[in-house]
Every structure is written in structure tokens, then in C-alpha cells.
Amino acid sequence: MTGTRTGRPADPESTTLRKAADENFPVAPFFLPRDWRTDLMAVYGFARLVDDIGDGDLAPGGADARLLGVDPEAADDRLLLLDAFEADLMRVFDGTPAHPLLRRLQPTVRRRALTPEPFLGLIAANRQDQLVTRYESYDDLLAYCELSANPVGRLVLAVTGTSTPERIRRSDAVCTALQIVEHLQDVAEDLGRDRVYLPAQDMKRFHVQEADLATPTAGASVRALVAYEAQRARDLLNEGAPLVGSVHGRLKLLLAGFVAGGRAAIRAIAAAEYDVLPGPPRPGRIQLLREVGLTLRGEG
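Criteria and cut-off values
- In every chain, residue numbers begin from 1 and rise along the written sequence.
- Per-residue local features of the predicted model are confined to residues with pLDDT of at least 70, and side-chain atom pairs are confined, for both listing and counting, to 80 or more; whole-chain, interface and lining totals are unaffected and use all residues.
- Side-chain calculation: all heavy atoms of the structure are included, whereas hydrogens and water are not.
- Secondary structure elements follow DSSP: runs of H or I no shorter than four residues count as helices, runs of E no shorter than two count as strands, and numbering proceeds from the N terminus.
- This radius of gyration counts C-alpha atoms alone. The globule rule is 2.2 Å times how many residues there are, raised to the power 0.38.
- Categorising residues by exposure relies on relative accessible area from a 1.4 Å probe, with only protein chains included: less than 20% of the type maximum marks a residue as buried, more than 50% marks it as exposed, and the intermediate range marks it as partly exposed.
- We call two residues in contact when some of their heavy atoms are within 4.5 Å.
- Axis angles are defined between N-to-C directions and span 0 to 180 degrees, where every axis is a line fitted to C-alpha atoms and, for a helix, only to the segment in contact.
- Oblique is the label for any angle not covered by the other classes, which are roughly parallel (under 35 degrees), roughly antiparallel (over 145) and roughly perpendicular (65 to 115).
- For any pair of crossing helices, the crossing counts as left-handed if the nearer helix is rotated counterclockwise from the farther one by less than a right angle, and right-handed if it is rotated clockwise.
- Basically, the charged four are Asp, Glu, Lys and Arg, the nonpolar ten are Ala, Val, Leu, Ile, Met, Phe, Trp, Tyr, Cys and Pro, and anything else, Gly included, counts as polar.
- Helices are assigned an expected span. That span is 1.5 Å times one less than the residue count.
- Patches here: salt-bridge-free residues with over 30% relative accessible area, like charges joined within 9 Å, nonpolar side chains (Val, Leu, Ile, Met, Phe, Trp, Tyr) joined within 5 Å.
- Each accessible area is a Shrake-Rupley result for a 1.4 Å probe, and residues are judged covered by the shown protein chains and nothing else.
- Any carboxyl oxygen of Asp or Glu within 4 Å of a side-chain nitrogen of Lys or Arg constitutes a salt bridge here.

1. So, the overall build of the protein chain
- Of the regular secondary structure elements, the protein chain holds 15 helices and zero strands.
- For a compact globule of 300 residues, the expected C-alpha radius of gyration is about 19 Å, and the protein chain comes in at 19 Å, within 12% of that figure.
- In terms of principal-axis extent, the alpha carbons of the protein chain reach across some 50 × 45 × 40 Å.
- The buried share among the 300 residues of the protein chain stands at 49%.
- Taking the contacts inside the protein chain whose residues are at least 6 apart along the sequence as the reference set, 67% of them involve residues at least 24 apart.

Below you can see the structure in the form of C-alpha cells.
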């Protein structure tokens, strides 16, 4: 979207934040306290924008590049934009950032005493996406998820004032699982971006070639590989699920939604007989609500 109905240029801040409605999981649901919602949306704005930079999905027109001090002519240089975004992020902690989404983040950082590390991790993950497009082993993929997914859960815990070493450990397991599930849903889309997140060692074990991922529907070998990776994600969700029972009130419902969303997505993948190539298998609302109930009861 490049403009509004009045013909004025789209505001980069509002354009990015509107994408929250399209996410797999609720970003800042209505039942949370208003101050939590405000801060979670500020964190989301950062995470969404850095992903859009890394994926080349910024709104056309170069507005974000200009805000970051990058010549719009160089707006296709993702590494340059990520470097500029990182420099502007550091101004959140010791100055005045230029980008409105980072100015929006600054009060949250101060109110919640957030540190640069999780934000830098998300930038590093997107920088890695420009340089690394294949992963040799599952451990290599886990190391990527440590940058691309786990910081989000750590930020949720920090914003809600509930961080402990054990909760962080459980949260990391949940976030890594959700990242793996998303990779499984998006195999075809990622391949279109020249990225393969299925570990090469596992592809070899299941006799899967990259050409097998470019077909309209998955053959038996691809389905077996996807089932194998889905079980790994399921195991991680089970490892992280006690996080839900360690908190109370509305935060418990939010975290149950994350775990349940992952479990429901895995069930949707299984219901598609692990054929993810025609498009991302998505759970229905009833299935998701059922999984939330099971997760809140400690089942699943």
C-alpha cells in the first residue's frame, strides 16, 4: 500500500503496525492490560519492520530508507538498510532515533528496562538471511532460531515482568518450535526466496532433493521429512508448555495461545498429510480454541 484514500503517502509506522492483524498469533490481544498492549505493539513494530527489511517487503517509495538516512536509490540493499536500522536502534538507548517505530519503542525500553541484546539478535537473524540460505544440520537451524525467534519470547517475558532463567528456557523452546512450524508451513514460499530451512542432513536422510520442494504437491519422501521435523517441533512445544502453568491471569492465557497456536498448526500440517507444498496448512478457529483449552488444562 503506497497511499491512503486521500492520496497522501502511507505512514511507514501505521503501515507496519497494521500487519499485526495478519500474524499467525495475536500480538497484543484485547484482554491484556493496556500498558502491556502498548509495549507489546511497540516491540512488534520493531520486529515486523526488521523482518520486512530482511525479506525485501518494505512499502514501495523508499520512505523507510529515507527515515534511516539511506538514499532511496539504495533501498534494495538489505544489508545496508539493516546496518542503518541497527544504528538507529542504538539511539533508542542513548539518544533520539529517527524512525517513528523506534521512537515508539523508546518509552517501552525505558519503562521495562529492556536491553539491546534481543533486538540486536533479531537484526542479526535478518542479516544472516542475506548471507546464509541453507542449513547443514538441525543444530545449525537451532542456532538460527536463537537469533530469529527466541528474542521475541524473552521480550514478552521482560515486558510483563515475569523473566526467570527457567521461564526463559521454556520460552526459548516454545519460540524455536513456532519458528520451525512456520518454516514447515512456508517451504514453498521460502524456496521462492532462495531459502531452505530444512536441514541438509535431514533432507539427505529422507532422500529429498531441492527439486522435490519445487513441485506442486509433495511426494512420499518430502512428507516423511516434514513429519519428522513436525515431531521435533511438537517435542519442543511439550518441553516449553510448563511455561504456561508457571504464570497466572491474563498472561497465562496469552502464553497458552502461543503454545496452542503451534500445536494447532502442527495438527493442520498432519491433517494435510504433511503436504505443505500447495500452500501453508492453517488451523481453523475451532481447532485453535480447542488447543487453547487443552493447553490451559496442562494437556496436549
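2. What about the packing of helix α2 (residues 34-55) against helix α8 (residues 150-159)?
- Contact geometry of α2 with α8 gives a least axis separation of 10 Å together with a crossing angle of 155°. As far as their axial angle goes, α8 and α2 are roughly antiparallel. In terms of crossing hand, the pair formed by α2 and α8 is right-handed. In this structure, α2 uses W36, D39, L40 and V43 to contact α8, whose residues at the interface are L155, V156 and V159.
- Among the residues forming the contact of α2 with α8, the class breakdown is six nonpolar, no polar and one charged.

3. Let's talk about helix α15 (residues 285-296)
- Look at α15: 17 Å from first C-alpha to last across twelve residues, which is about the 16 Å you get at 1.5 Å a residue.
- Residues of α15 that are buried include every one of E291, V292, G293, L294 and T295, and no others.
- Looking at the packing, one finds that the buried side of α15 touches α13 (242-245) and α14 (249-271).
- Immediately downstream of α15, the backbone of G298 shows phi near 80°, a positive value.

4. What to know about the packing of α2 against helix α6 (residues 117-131)
- Axis separation between α2 and α6 bottoms out at 9 Å; the angle between their running directions is 15°. One finds that α2 runs roughly parallel with respect to α6. Once α2 is placed against α6, the crossing between them reads as right-handed. Across the interface between the two elements, F46, A47, V50, D51 and G54 from α2 touch F119, L122, I123, N126 and Q130 from α6.
- Here the contact of α2 with α6 is composed, by residue class, of six nonpolar, three polar and one charged.

5. Observations concerning unusual backbone geometry
- Even without being glycine, A113 reaches a positive phi, approximately 55°.
- By secondary structure assignment, the location of A113 is in the loop between α5 (100-112) and α6.
- For D194, which is not a glycine, the phi torsion comes out positive at approximately 60°.
- For D194, the location among the structural elements is in the loop between α10 (187-192) and α11 (200-205).

6. A closer look at a nonpolar patch on the surface
- On the surface, L79, L131 and V132 cluster together into a nonpolar patch covering about 240 Å² of accessible area.
- Mapped onto the elements, L131 comes out in helix α6.

7. Some details on the environment of T108
- Tracing the sequence through the fold places T108 in helix α5.
- On the accessibility criterion, T108 (1% relative accessible area) is buried.
- With sequence-adjacent residues up to four places away left out, T108 is seen in contact with T38, D39, A42, V43, A113 and L114.

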